[in-house]
Amino acid sequence: MGGIRMKSLILAAAAVVGFGTAALAQDNYPVRQVTMIVPFAAGGPTDVVARIVGDHMSKTLGQQIVVENVAGAGGTTGITRGAQAAPDGYTIMMGHMGTHGAAPALYANLKYDPAKDFAPIGLAAGTPILIVAKKDFPAPDLKGFIAYVKANEAKINMAHAGVGSVSHSTGVLLNAQLGIKPAMIAYRGTGPALNDLMANSVDYMADQIVNVAPQIAAGTIKAYAIATPERSPALPNVPTTKEAGLPDYQVSAWNAVFAPKGTPAPIVAKLSAALDKALDDENTRKRLLELGGVIPDKAGRTPAALQTLVESEVARWNPILKGMGEK
Ligand code: MLT
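Parameters and conventions
- Residues numbered from 1 in each chain as written.
- Predicted model: local features only at pLDDT ≥ 70, side-chain atom pairs only at ≥ 80, totals over all residues.
- Heavy atoms only, no water.
- UniProt positions renumbered as here; feature names shortened; annotations may be inferred.
- Near = heavy atom within 4 Å.
- Polar contact = N/O pair within 3.5 Å; in protein donor to acceptor, adjacent residues only side chain to side chain.
- Areas by Shrake-Rupley, 256 points an atom, 1.4 Å probe, with all protein chains shown as cover.
- 1 Å grid on protein atoms, 1.4 Å probe; cavity = no way out; pocket = protein on both sides within 12 Å on 5 of 7 lines; lining within 4 Å.
- Sits in = over half its atoms within 2 Å of the grid points.
- Helix = DSSP H or I, 4+ residues; strand = E, 2+ residues; numbered from the N terminus.
- Domains from an automatic or database assignment.
- Contact = heavy atoms within 4.5 Å.
- Buried area = accessible area lost by both parts, 1.4 Å probe.
- Salt bridge = Lys/Arg side-chain N within 4 Å of Asp/Glu carboxyl O.
- Points joined across faces, edges and corners; volume = space filled by probe spheres on them.
- Nonpolar A, V, L, I, M, F, W, Y, C, P; charged D, E, K, R; others polar.
- Buried < 20%, exposed > 50% of the residue type's maximum accessible area, 1.4 Å probe, protein only.
- Core = buried A, V, L, I, M, F, W, Y, C linked by side-chain atoms within 4.5 Å.

In the annotation of an unreviewed UniProt entry, the protein is listed under the name Tripartite tricarboxylate transporter substrate binding protein BugD and assigned to Prosthecodimorpha hirschii. Looking at the protein in UniProt, the text filed under Sequence similarities (unreviewed entry) is "Belongs to the UPF0065 (bug) family."

> Just checking my understanding: could you explain the site of the ligand for this structure?
Looking at the ligand, there are 13 residues lining it, with Thr-46, His-96, Val-166, Ser-167 and Thr-190 nearest. In this structure, Val-166 approaches the ligand through a main-chain N or O atom, which is 2.7 Å from an oxygen atom. Gln-208 places a polar side-chain atom, nitrogen or oxygen, 3.1 Å from an oxygen atom of the ligand. For the ligand, the protein covers 100% of the area, taking 270 Å² as the surface of the free molecule. According to the grid-proximity analysis, the pocket containing the ligand is the largest cavity. Looking at the shell around the ligand, the elements with two or more residues in it are helix H2 (45-61), helix H6 (166-178) and strand S7 (204-208). In this structure, the shell around the ligand is formed jointly by two domains, domain 1 (33-126 + 255-321) and domain 2 (128-252), each of which donates at least three residues.

> What should I look at first to understand the domain arrangement of the protein in this one?
Frequently, the measure chosen for interface size is the accessible area removed from exposure when the parts meet. Looking at the assigned domains, one finds that the protein contains domain 1 (33-126 + 255-321) and domain 2 (128-252). Taking only C-alpha atoms, the centre of domain 1 and the centre of domain 2 are 24 Å apart. Contact with domain 1, which involves 29 residues of that partner, is made by 28 residues of domain 2. A per-residue breakdown of the area domain 1 buries against domain 2 is headed by Pro-45, Met-97 and Leu-291, which together make up 26% of the total. At the junction of domain 1 with domain 2, the criterion picks out 0 salt bridges.

> Got a minute to help me understand empty space enclosed by the protein in this structure?
Summary: where empty space remains is shown by rolling a probe the size of a single water molecule over the atoms. Throughout the structure, instances matching the rule amount to 1 cavity of 30 Å³ or more. Lining the largest cavity are Phe-40, Pro-45, Thr-46, His-96, Ala-161, Ser-165, Val-166, Ser-167, Gly-189, Thr-190 and Gln-208. Counting only elements with at least two residues in the lining of the largest cavity, the list comes to H2 and H6. Among the residues forming the lining of the largest cavity, the class breakdown is 4 nonpolar, 7 polar and no charged. For the lining of the largest cavity, the domains that each give at least three residues are domain 1 (33-126 + 255-321) and domain 2 (128-252).

> Just checking my understanding: could you explain unusual backbone geometry for this structure?
Most peptide bonds are trans, and most residues other than glycine sit at a negative phi. In this structure, the amide linkage connecting Tyr-29 to the following residue, Pro-30, adopts the cis form with an omega of -5°. Position of Pro-30 among the secondary structure elements: in the loop between helix H1 (2-28) and strand S1 (34-38). Residue Ala-73 is not a glycine yet carries a positive backbone phi of 55°. Checked against the element boundaries, Ala-73 lands in the loop between strand S2 (65-69) and helix H3 (76-83). Among the residues examined, Ala-73 registers a relative accessible area of 38% and is labelled partly exposed. The phi dihedral of Asn-200 falls on the positive side, at around 60°, and the residue is not glycine. When you line up the elements, Asn-200 lands in the loop between helix H7 (190-198) and S7.

> Is there a simple way to think about the nonpolar core in this case?
Side chains that are nonpolar tend, in soluble globular proteins, to be buried together. If you look at the biggest cluster of nonpolar residues, it comprises 50 residues, and the most contacted ones within it are Leu-142, Phe-145, Tyr-204 and Tyr-249. When we break this core down by domain, the ones giving at least three residues each are domain 1 (33-126 + 255-321) and domain 2 (128-252). If we skip the residues at most four places from it in the chain, Phe-145 touches Ile-131, Phe-137, Ala-139, Leu-178, Tyr-204 and Tyr-224. Counting 49 residues, the second-largest nonpolar core is a separate cluster that includes Leu-130, Ala-193, Ala-213 and Leu-279.

> Would you explain the side chain of His-56 in this entry?
Structurally, the position occupied by His-56 is in helix H2. In this view, His-56 contacts Lys-277, Ala-278, Asp-281 and Thr-284; residues no more than four positions away in its chain are not counted.

Okay, structure coming up:
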């Protein structure tokens with residue numbers, strides 16, 4: 001009896017110590033740098049938003065948030081790696097409307113469920129979509145662009161960041177509305193895609209404002225319209241699709257922070273609070289707004305609000321994109 005009792009006491013003590021160790025780890029979190037996976041190449045919109053909010057989150061958390069660019073398969077490669085990371089708060093990821101909205105409709109064997117395999121942290125920025133083209137594109141306005149692409153479907157090409165990315169899904173939506181199927185040129189992110197657009201070596205794309213706003217302002221690429229009901233304060237001279245003659249093309253993307261499913265609630269709360277503080281910080285807001293980002297209100301930043309958004313986006317994009325993805 002004594003031996004079993006002693007063993008039970010030792011096991012109970014170990015459990016208390018174990019529980020205490022886990023609670024201590026959560027209380028002290030973070031004690032080392034945090035990796036934020038960006039599932040696209042450096043320099044694109046997802047990377048830009050991640051680095052802007054990550055800069056301020058690092059200050060609040062007292063540890064550096066280090067961006068790791070893991071590109072491929074429209075962002076699903078990096079997000080799969082993030083979903084499978086240890087749920088200890090030391091690996092988070094910047095997802096978006098593509099990876100956590102469109103991807104399930106386009107990847108029959110997607111290795112994660114956007115609505116089940118993550119601990120949502122919060123929405124970082126809304127990112128309106130623009131129809132942009134190389135500077136030499138032979139059309140003066142959106143109506144001219146539409147006429148040209150319809151008449152020259154076999155000669156034109158559209159850039160995107162991989163099947164399931166924001167630029168791919170919003171580009172496919174645009175092409176479906178125009179009734180065209182141009183050649184599609186895939187990149188590891190719309191950072192590299194934009195370089196080719198600026199070099200006049202790819203024709204057009206649908207991309208997030210935070211990526212293209214500086215180049216539109218600099219006149220190195222053409223912007224035919226923004227696909228939101230109102231013009232962006234960051235690009236007051238770019239007409240809306242409604243003004244420019246394609247009222248049905250209404251689409252905006254978003255970028256949001258996720259942790260792996262099972263990340264302890266106190267750690268999720270610390271990360272969410274750090275993101276919230278970043279979005280209240282004057283300099284962080286200025287950097288996002290200058291690029292045309294839309295800063296979510298307080299209610300829109302919570303983990304619960306992000307979970308609701310993901311569920312609604314997966315439901316929204318499924319009927320639009322089903323069957324248009326990888327074979
Ligand atoms: C996308 O198209 O999903 C993103 O713009 C890609 C990127 O962030 O580079």
